[in-house]
Amino acid sequence: IDYFRAWSGTATTPPSPVISGNFYQIKDKKYNKALHESTQVFPSNTDGQYTIVFTPTSSYDSQKWKATSTSNGYYRFAAKSSNKNLHESAEIYTSNSDGQHVISFPIQSNSNRQQWKPIDLGGGYYRLQNKNTGKSLHSSNEVYSTNSNGYYAIGFPSSSGDGQKWKFTQTN
């Protein structure tokens, strides 16, 4: 092997798993469930709804997220069902003070709470890291209150656990 020719001298950034303007179903590795915008209103702000992981169904617009590039590898993800963005709230997650609820919330163009960076973890999985807190989108262990088939999505410190590994599948 000619190592000199194989190494160009410049590092390359792995390609993003998403293309701005396309819709994706985003599934976690932990439960193999899809990120889902619930119909339950978030208690501290009636403009927001809980975001959960739920049984994947290709026909649910609440499981289709439109990627919109912001800058430096960050994206906003808006639910097709409401056009509300994935948003890390300021409200502490009740079961662990290190986490915040992730909700869907109306677009705030300058909000870092609505910007997420896909970080390649290998094997087709990505961590979604929030620009505001640096915390990662995480499938919690707490069953969603209105349906035992779902779990709360929260922002949580980065870890190597399967609850922070997400796979993007393009949809329409």
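Here, every reference points to the structure presented above.
Everything numeric in this text was worked out from a predicted model, so none of it was measured.

The rules behind these values
Residues numbered from 1 in each chain as written. Predicted model: local features only at pLDDT ≥ 70, side-chain atom pairs only at ≥ 80, totals over all residues. Heavy atoms only, no water. Helix = DSSP H or I, 4+ residues; strand = E, 2+ residues; numbered from the N terminus. Contact = heavy atoms within 4.5 Å. Areas by Shrake-Rupley, 256 points an atom, 1.4 Å probe, with all protein chains shown as cover. Polar contact = N/O pair within 3.5 Å; in protein donor to acceptor, adjacent residues only side chain to side chain. Salt bridge = Lys/Arg side-chain N within 4 Å of Asp/Glu carboxyl O. Buried < 20%, exposed > 50% of the residue type's maximum accessible area, 1.4 Å probe, protein only. Phe/Tyr/Trp six-rings, centres within 6.5 Å; stacked < 30°, edge-to-face > 60°. Core = buried A, V, L, I, M, F, W, Y, C linked by side-chain atoms within 4.5 Å.

Undergrad: Sorry if this is basic, but what is going on with the overall build of the protein here?
TA: Scanning the protein for helices and strands turns up one helix and 12 strands. Within the protein, residue pairs in contact and separated by at least 24 positions form 57% of the contacts whose partners lie at least 6 positions apart. Looking at the protein as shown, the accessible area adds up to about 8,500 Å², and 47% of this sits on carbon and sulfur atoms.

Undergrad: Explanation requested: the side chain of Gln 49 in the structure shown.
TA: Topologically, Gln 49 is positioned in strand 3 (residues 49-54). Of the polar contacts made by the side chain of Gln 49, one reaches the side chain of Lys 84; its length is 2.7 Å. Other than its neighbours up to four places away in sequence, Gln 49 contacts Glu 37, Ser 38, Thr 39, Gln 40, Val 41, Phe 42, Lys 84, Ile 103 and Ser 104.

Undergrad: Sorry if this is basic, but what is going on with the pattern of salt bridges here?
TA: Proximity of charged atoms lets side chains of opposite charge pair with each other. Counting across every chain of the model gives two salt bridges. In this structure, the salt-bridge partner of Lys 64 is Asp 61, at a minimum N-O distance of 3.6 Å. In this structure Lys 64 comes out as buried when scored by relative accessible area, which is 8%. Residues Lys 165 and Asp 162 are paired through a salt bridge, measuring 3.3 Å at the closest nitrogen-oxygen approach.

Undergrad: Which parts of the structure should I look at to understand the packing of aromatic side chains?
TA: Two measures describe an aromatic ring pair: the distance that separates the ring centres and the angle between the ring planes. With the rule as written, the count across this model stands at six aromatic pairs. Look at Tyr 24 and Phe 168: their rings are 6.1 Å apart centre to centre, the planes differ by 85 degrees, and that puts the pair in the edge-to-face class. Taken together, the positions of Tyr 24 in strand 1 (residues 23-28) and Phe 168 in strand 12 (residues 166-171) put the pair 144 residues apart, joining distant regions of the chain. For the residue pair Tyr 24 and Phe 168, the accessibility class agrees, reading buried in each case. Aromatic pair Tyr 126 and Phe 168: ring centres 6.1 Å apart, planes at 75 degrees, arrangement edge-to-face.

Undergrad: I tried to follow the side chain of Asn 130 on my own but got confused; where do I start?
TA: Here Asn 130 shows up in strand 9 (residues 125-130). Of the polar contacts made by the side chain of Asn 130, one reaches the backbone nitrogen of Asn 132; its length is 2.8 Å. Of note is the side chain of Asn 130, whose polar atom sits 3.2 Å from the backbone nitrogen of Thr 133. Apart from the residues within four sequence positions on either side, Asn 130 is in contact with Glu 88, Asn 112, Arg 113, Gln 114, Gln 115, Trp 116 and Lys 135.

Undergrad: Hey, could you run me through the environment of Tyr 152 in this one?
TA: Looking at the secondary structure, you find Tyr 152 in strand 11 (residues 151-156). Judged by relative accessible area, which is 6%, Tyr 152 ranks as buried. Taking the C-alpha atoms as reference, Tyr 152 lies 9.5 Å from Ile 103; in sequence the two are 49 residues apart.

Undergrad: How should I be thinking about the environment of His 87 in this particular structure?
TA: Mapped onto the secondary structure, His 87 falls in strand 6 (residues 85-92). On the accessibility criterion, His 87 (6% relative accessible area) is buried. Separated by 16 residues in sequence, His 87 and Ile 103 place their C-alpha atoms 5.2 Å apart. For His 87, the residues in contact, after removing those within four places along its chain, are His 101, Val 102, Ile 103, Phe 105, Gln 108, Ser 111, Arg 113, Gln 114 and Trp 116. Separated by 3.2 Å, the side chains of His 87 and Gln 114 make a polar contact.

Undergrad: Is there a simple way to explain the nonpolar core in this structure?
TA: A general feature of soluble globular proteins is that nonpolar side chains tend to end up buried together. The biggest cluster of nonpolar side chains holds 20 residues, and the ones touching the most others in it are Ile 26, Leu 35, Phe 77, Leu 86, Leu 137 and Phe 168. Of all the elements in the fold, those that place two or more residues in this core are strand 1, strand 4 (65-69), strand 5 (75-79), strand 9, strand 11 and strand 12. Contacts of Leu 35, omitting those with residues within four sequence positions, involve Ile 26, Thr 51, Ile 52, Val 53, Ser 62, Gln 63, Trp 65, Leu 86, Leu 137, Ala 153 and Trp 166.

Undergrad: How should unusual backbone geometry be read in this particular structure?
TA: Residues apart from glycine generally show negative phi values, whereas peptide bonds are mostly found in trans. Located in the positive-phi region is Asn 72, a residue other than glycine, with phi close to 50 degrees. You can see Asn 72 is positioned in the loop between strand 4 and strand 5. Here Asn 83, not a glycine, exhibits a phi torsion of approximately 65 degrees, which is positive. If you trace the backbone, Asn 83 turns up in the loop between strand 5 and strand 6.

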